[in-house]
Every structure is written in C-alpha cells, then in structure tokens.
Amino acid sequence: MIAFEEALANVVGAVTPLTAVAVSLGEAAGRVLAEDVAADLPFPAFDMTAMDGWAVRAAEVGKTPSLLARAGTAGAGRVTGPLPVGAAWKVMTGAPMPPGSDAVVPVEDAAEIDEKTVRLDVAPHPGAHVRLQGEVFQKGALLLPAGRRLTPADLVLAAAAGRATLRVARPIRAAVLVTGDEIVAPGTAPGPAQIRNTNGPLLIGALRRAGAQVTDLGVARDMEESLVKALCGALERGDDLLLTTGGVSAGDYDYVATALETAGASIRFHKVAIRPAKPVLFATKGATLVFGLPGNPVSAAVGFDFFVRPALRSAAGILPPLPPPLPARLASPVRNKGPRLAFHPASLSLRDGEEIVEPIATKGSHDVLAHARANAFLELPPGSSFAAGDLVPVHRGSPESTF
C-alpha cells in the first residue's frame, strides 16, 4: 500500500499527452485548447459609439440647451467623414465615431428641431458614451492560454481574435468494464443476492462529461478464465484508458489484478492509503492506462475523481492535474480516526460572503445517497480532528468530477 501523493504522481507520470486536432468554433465548447490564442487586432478595433445619439466635440457644447448643425447620420458598419466645427453627427450604437468627435449625447437628451438643427439638452464630458479603441484588449494580448477547457464565452474571444478554427486536444478514447456475478442491468429487478449496475452509468457518465469517447464493454463475470479473455479483448482495442470496477479487493473471487497481468498489463500500484477506495489499482499496457476501481460505488467514484480525473486533465494539458483543496469554514465538527487519508462528502455553500462547508453523514462506501448530495469532499489527514469554525481543506466539485 502506497501513499496518495505517490500514487497520484505515478498516474500523472504515465500519461501520454493527447495529439491536437483543428475544430470549428461551433465544435470547440467543452474541448481543451492546445494552443495559445492572441488578439490579432485591438478590441474595439476603432473608437465607437456606446449609445444611439449625437457625436460632438464636448468643448463645443457649453450652456444647455445648445443648438448645433446636423452633419449627417451613420449606423454601425458605416464610415463617416470628419465632424465639421459646430456640428453634431447622428450615430447609432456601434457606429465609428466621426473623426474630430469625442463624446456622444444620448438620443433621449436631444431633440431634432428640423432637418438642419439639433438641440442638445445635456453637456457631455469628453469620452461620454464612447468605446475607445483597444479599451478591452490590445493587439497581441494573450486571450486564451493552452490547457483551458473552452466555454462559450471563450469562443467570443476566439472569434474576436479572428479565429475560425482552434486546435484542441483530441477526445480521449476510453472503455469501461464492470465485473461481478451479482451485477444485473439497472432496468432489471434484481434476484436474491443480486444488485443493479450502478458503477457502469457512473463511470461512463463521468467520462463523457469530461469529453471522452466511451465504449461500454458490459459486465464480466467473476471467473478468472472469462475475465482474462474479457481483459485481453479490452486491452487489444488500444484505447487510451480502460476502467474496470470490482474485483480488486482481497476476496476469493477478486481476480482483476492477476487477470490483468495474464493479459499483459504491468501493475504500477495496487492499494493506496486512502478511505474510501483503498483497493484501487493502476496498470499500463503500452500507452493504455488501466484503472481497477473498487466495486463499492462511492469508492469507484473517489477512485475516478482522485486518479482517473487527474489522468484525463494531464493528457489534455490542463494544469494542475488535480485541483488542490482550498480552505473553507467548517460548520460542524468532523474527525478521521483512521490511519488513512480520508475523503469525506460535504456540502459547500456561501454564507455572508464566506464559504461554509458542512460534512454529510455517510454510512460508508456504499452510501450513494450521501455521494449524490455532496458538492465537495473534505480532505482529512490520518488521525485528524476539526472543530466547528476551523478551516478545513476542501475539494470542490466541477464539470469534470462525479460530485
């Protein structure tokens, strides 16, 4: 049994970075950027109006009301001529500021007297209702760094930078194999000593949520010969990632470790000093990473969140592989009496501007209800005790995690 930090480093060290592919902006949301994106132009690219109104020289509008000659009308996308002395140019939102103008009087603060004259009822200050060239960002500014999982808002920046396509990490290819004689399909009424397959949907859903292309390999029974055959077939696929669940503990029918070795995989570690998910196994065959996750559903989830998720992030170029725990104020006492690092389900919320975390009572690694209610995990060192009001390290849930 090895320490958590050593196990995590072992996983990250075995990761092969994903190659990059070019995709259109419409396909890029949720993908991980494989290149830096810099601005090819300032934004805005020119001084423009922020409101419908009248472009003027602020110094020419003294006492109000003020009468000025009407110079013309311009909408967005139309280039104007210079602003004559003592005149106002009617402009629409997004139109370029006429050369010589430095302020806009909103249309509601003015009145058109006739076709030649406009009355301004408010004296603007220089820069009023003007969006200045480059005020958001300058040409050459780094807008999006490589290793960022792209949001729709990021695509606005990419488009503003003149990009029609982006290079992103290709989707990771993964397969999931559930093991166990007791497993039946979720829509099936379980018979005596049977349980529904909860880990398959958990892991497939978590992988797809992280952007992976996933193959469901179904359920393998607890017979060493058939398990070796199933794992040989799974490893021959050449996926980036193979997840198994069940069969990694110390029972008489826990054959996954020996079956993986028979199938040609090299076991990097088996058992980590954490709770839950102590029996977690990590192996490799060529470039394929293999995670043998425990059968208890919360243990499988913790194994995914703290080992598989870092591998996914590292392969795509997201740093750090595992987001570090950040402190939050504890709402009620919590203890870890055991000798292993514990990940305890919790509810994190904001109260009066401060993050407060409440431990969720759990009956153990089978308590799927506690896990489903959690949006965070407390990281509790061995033999530790925390009182209400203490700051405690907290792992936050994210779109990449199971919680």
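Residues numbered from 1 in each chain as written. Predicted model: local features only at pLDDT ≥ 70, side-chain atom pairs only at ≥ 80, totals over all residues. Heavy atoms only, no water.

### Regarding the layout of surface pockets
It is the rolling of a water-molecule-sized probe over the atoms that shows where space remains empty.
Thinking step 1. In this structure, the largest pocket spans a volume of roughly 550 Å³.
Thinking step 2. Taken together, 30 residues make up the lining of the largest pocket; nearest its centre are Glu-182, Gly-246, Pro-294, Gly-295 and Asn-296.
Thinking step 3. At the level of secondary structure, the elements contributing two or more residues to the lining of the largest pocket comprise strand S13 (173-179), strand S15 (195-196) and helix H6 (297-316).
Thinking step 4. Here the residues of the lining of the largest pocket are counted per class, giving 10 nonpolar, 13 polar and seven charged.
Thinking step 5. In this model, the second largest pocket occupies a volume close to 240 Å³.
Thinking step 6. As for the second largest pocket, its lining consists of 18 residues, and the residues nearest its centre are Arg-275, Pro-276, Phe-343, His-344 and Thr-362.
Thinking step 7. Those elements that place two or more of their residues in the lining of the second largest pocket are strand S24 (341-351), helix H7 (368-373) and strand S26 (376-380).
Thinking step 8. By residue number, the principal contributor to the lining of the second largest pocket is S24, which donates four residues. (1 Å grid on protein atoms, 1.4 Å probe; cavity = no way out; pocket = protein on both sides within 12 Å on 5 of 7 lines; lining within 4 Å. Points joined across faces, edges and corners; volume = space filled by probe spheres on them. Helix = DSSP H or I, 4+ residues; strand = E, 2+ residues; numbered from the N terminus. Nonpolar A, V, L, I, M, F, W, Y, C, P; charged D, E, K, R; others polar.)

### Digging into empty space enclosed by the protein
Thinking step 1. On inspection of all chains with the given rule, the structure shows two cavities of 30 Å³ or more.
Thinking step 2. Approximately 140 Å³ is the volume found for the largest cavity.
Thinking step 3. Val-32, Arg-149, Arg-170, Ala-210 and Gly-211 are the residues nearest the centre of the largest cavity, which is lined by 14 residues in total.
Thinking step 4. A breakdown of the residues in the lining of the largest cavity according to their chemical character gives nine nonpolar, two polar and three charged.
Thinking step 5. Size it by volume and the second largest cavity reaches roughly 30 Å³.
Thinking step 6. Lining the second largest cavity, in full, are Arg-149, Ala-210, Arg-309, Leu-312, Arg-313 and Glu-400.
Thinking step 7. Its residues placed into classes, the lining of the second largest cavity shows two nonpolar, no polar and four charged.

### A word on the sheet that holds strand S21 (residues 288-293)
Thinking step 1. Strand order in this open sheet of six strands is S16-S13-S17-S21-S20-S18, and the pairing throughout is mixed. Bordering the open sheet on either side are strand S16 (213-220) and strand S18 (266-270), each of which pairs with just one other strand. For this sheet, the mean angle separating the axes of adjacent strands, direction not counted, is 15°.
Thinking step 2. Against the sheet, helix H4 (residues 224-236) contacts S13, S16, strand S17 (241-245), strand S20 (281-285) and S21, and its axis sits at roughly 155° relative to S17. (Pairing = 2+ DSSP bridges. Axes fitted to C-alpha atoms, helices over the stretch in contact; angles between N-to-C directions. Contact = heavy atoms within 4.5 Å.)

### Some remarks on the pattern of salt bridges
Thinking step 1. Per the stated rule, a full pass over the model turns up 12 salt bridges.
Thinking step 2. Between Arg-163 and Glu-35 there is a salt bridge; the shortest N-O distance is 2.6 Å. Here the residue Arg-163 occupies a position in the loop between helix H2 (152-160) and strand S12 (165-169), and Glu-35 occupies one in the loop between strand S1 (20-24) and strand S2 (37-38), the gap between them amounting to 128 residues.
Thinking step 3. On the accessibility criterion, Arg-163 (24% relative accessible area) is partly exposed.
Thinking step 4. Put simply, Arg-70, Lys-90 and Glu-112 are held in one network by salt bridges that share partners. (Salt bridge = Lys/Arg side-chain N within 4 Å of Asp/Glu carboxyl O. Buried < 20%, exposed > 50% of the residue type's maximum accessible area, 1.4 Å probe, protein only.)

### Side note on the packing of aromatic side chains
Thinking step 1. Enumeration according to the criterion identifies 10 aromatic pairs in this entry.
Thinking step 2. On the basis of an interplanar angle of 40° and a centroid distance of 5.6 Å, the ring pair of Phe-269 and Phe-282 is categorised as tilted. Here the residue Phe-269 occupies a position in strand S18, and Phe-282 occupies one in strand S20, the gap between them amounting to 13 residues. The pair Phe-269 / Phe-282 is uniform in exposure class, with both members buried.
Thinking step 3. Centre to centre, the rings of Phe-377 and Phe-403 are 5.0 Å apart; their planes meet at 75°, and the pair counts as edge-to-face. Of this pair, Phe-377 sits in strand S26 while Phe-403 is found in the segment after strand S28 (391-396), placing the two residues 26 residues apart along the sequence. (Phe/Tyr/Trp six-rings, centres within 6.5 Å; stacked < 30°, edge-to-face > 60°.)

### A closer look at the sheet that holds strand S8 (residues 110-112)
Thinking step 1. Pairing is mixed in the open sheet, where six strands are placed in the order S7-S4-S6-S5-S9-S8. Looking at which strands have only one partner, the edges of the open sheet turn out to be strand S7 (103-106) and S8. For this sheet, the mean inter-axis angle between neighbouring strands, taken without regard to orientation, is 40°.
Thinking step 2. In this sheet, strand S6 (residues 87-91) lies alongside strand S4 (residues 53-56) in antiparallel orientation, the contact comprising three bridges.

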